[in-house]
Amino acid sequence: MKYSVILPTYNERDNLPLIFYMLHKTFTTHALNFEVIIVDDSSPDNTLEVAMKLQEAYTKEKVKIVSRKGKLGLGTAYVAGLKECSGERVILMDADLSHHPKFIPQMILKMNSNDYDIVSGTRYREGGGVAGWDLKRKITSKGANFLATFLLDPGNASDLTGSFRLYKKETLDKILPQVQSKGYAFQMEILILAKKAKMSLGEVPITFVDRIFGQSKLGANEILLYLKGLIKLFFTT
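Please read these numbers as outputs of a predicted model, since none were measured by experiment.

1. Things to note about the sheet that holds strand β4 (residues 89-92)
Sheet strands line up and pair through hydrogen bonds in the backbone, either parallel or antiparallel.
Item 1. In space, the 7 strands of this open sheet follow the order β3-β2-β1-β4-β7-β5-β8, with mixed pairing throughout. At either margin of the open sheet sits one strand with a lone partner, and together these are β3 (63-67) and β8 (201-205). Strand-to-strand, the axes of this sheet are offset by a mean angle of 20 degrees, without reference to chain direction.
Item 2. In this sheet, strand β7 (residues 165-168) lies alongside β4 in antiparallel orientation, the contact comprising 4 bridges. By the bridge assignment for β7, Leu 92 is matched with Arg 165.
Item 3. Along the sheet, helix α3 (residues 74-82) makes contact with β1 (2-9), β2 (33-40), β3 and β4, crossing β1 at roughly 145 degrees.

Laid out in structure tokens, this is it:
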């Protein structure tokens, strides 16, 4: 079994070497075959340069790079990364250290235990949570997740806006071409489409840690895009 990790990056020069080291340590410790696909959207901080150094050190088989012209968005980054995956299972996660690779073995065990199509890391089950957020950020996140759960009927999914997930590759191959949303609504639409297709979902509690290096990409524009996406999903799914 091989695991493909897709890491979309935009100004993650400082974080990329750290998250790669953590991924490498996790997979090698558990004797798991893996590759990392870095999808960079012309980061002004030269994240691509760091990615190329990692590739030089760890080989092109272990580190694959997709370099795109311009900031084209998270959803299309996953689509571009998926085309380069050679693993039977795919992990989508953030490159900013918010998602700790230590949870990956638990997600794999969960998938193996019941042959789930998707295993999602969740902040909103017992044992999960967040660290480093102020009250405003916590209220925004919980409010967004509550609103999505209320409007979209996601079944047993407790964290619709989370992006730390393990998929069977064939699951993503079926769902991603159907996804229309951009930004944070992208994550929600994947789970809603999976539920409609009667795909199974397991969850593993995780701790989401606020980024140490760089700036959060969550701003007023992202929140507005999320609300537009949520309303569109409500009327179309």
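2. Comments concerning helix α4 (residues 104-114)
Item 1. Burial in α4 covers these residues: Ile 104, Pro 105, Met 107, Ile 108 and Met 111. End-on, the buried residues of α4 take up no more than an arc of 160 degrees, which puts them together on one face. Among the exposed residues of α4, those oriented more than 90 degrees off its buried face are Leu 109 and Asn 114.
Item 2. The inward-facing, buried residues of α4 abut β1, α1 (15-29), β4, β5 (118-122), β7 and β8.

3. A short note on the nonpolar core
Item 1. Membership of the largest hydrophobic core comes to 35 residues, with the highest contact counts inside it found for Ile 6, Leu 152 and Met 188.
Item 2. Within the residue set of this core, elements represented by two or more residues are β2, α3, β4, α5 (135-152), α6 (169-175), α7 (185-196) and α8 (220-236).
Item 3. Considering every element that reaches this core, the biggest residue donor is α7, with 8 residues.
Item 4. Residues Tyr 3, Leu 23, Ile 38 and Tyr 116 belong to the second largest nonpolar core, which totals 31 residues.

4. So, the environment of Ser 42
Item 1. Structurally, Ser 42 is set in the loop between β2 and α2 (47-58).
Item 2. With 25 residues separating them along the chain, Ser 42 and Ser 67 place their C-alpha atoms 6.8 Å apart.
Item 3. Contacts of Ser 42, omitting those with residues within four sequence positions, involve Tyr 10, Arg 68, Lys 69 and Gly 70.
Item 4. Only 2.6 Å separates the side chain of Ser 42 from the backbone oxygen of Arg 68, close enough to count as a polar contact.
Item 5. Within the structure, Ser 42 has its side chain in polar contact with the backbone nitrogen of Gly 70 (distance 3.1 Å).

5. Focus: α7
Item 1. Between its terminal C-alpha atoms α7 stretches 17 Å, which fits the 16 Å expected from 12 residues at 1.5 Å a residue.
Item 2. Of all 12 residues in α7, 10 are buried, a share of seventy percent or more.
Item 3. Considered for burial, the residues of α7 that qualify are Ala 185, Phe 186, Gln 187, Met 188, Glu 189, Ile 190, Leu 191, Ile 192, Leu 193 and Ala 194.
Item 4. Backbone geometry just after α7 places Lys 198 at a positive phi near 60 degrees.

6. A look at the pattern of salt bridges
Item 1. Enumeration over the complete set of coordinates arrives at 11 salt bridges.
Item 2. Between Arg 68 and Asp 41 there is a salt bridge; the shortest N-O distance is 2.7 Å. Remark: Asp 41 occurs in the loop between β2 and α2 and Arg 68 occurs in the loop between β3 and α3; sequence separation between them is 27 residues.
Item 3. The exposure class of Asp 41 is buried, given its relative accessible area of 6%.
Item 4. A salt bridge links Arg 123 to Asp 159; the nearest nitrogen and oxygen atoms lie 2.7 Å apart. Residue Arg 123 is located in the loop between β5 and β6 (129-131), and its partner Asp 159 is located in the loop between α5 and β7; the two are separated by 36 residues in the primary sequence.

Rules used in this analysis
Residues numbered from 1 in each chain as written. Predicted model: local features only at pLDDT ≥ 70, side-chain atom pairs only at ≥ 80, totals over all residues. Heavy atoms only, no water. Pairing = 2+ DSSP bridges. Helix = DSSP H or I, 4+ residues; strand = E, 2+ residues; numbered from the N terminus. Axes fitted to C-alpha atoms, helices over the stretch in contact; angles between N-to-C directions. Contact = heavy atoms within 4.5 Å. Buried < 20%, exposed > 50% of the residue type's maximum accessible area, 1.4 Å probe, protein only. Arc of directions from axis to C-beta. Core = buried A, V, L, I, M, F, W, Y, C linked by side-chain atoms within 4.5 Å. Polar contact = N/O pair within 3.5 Å; in protein donor to acceptor, adjacent residues only side chain to side chain. Expected span 1.5 Å × (residues − 1). Salt bridge = Lys/Arg side-chain N within 4 Å of Asp/Glu carboxyl O.

Function cannot be inferred from these measures alone, as they are strictly geometric.
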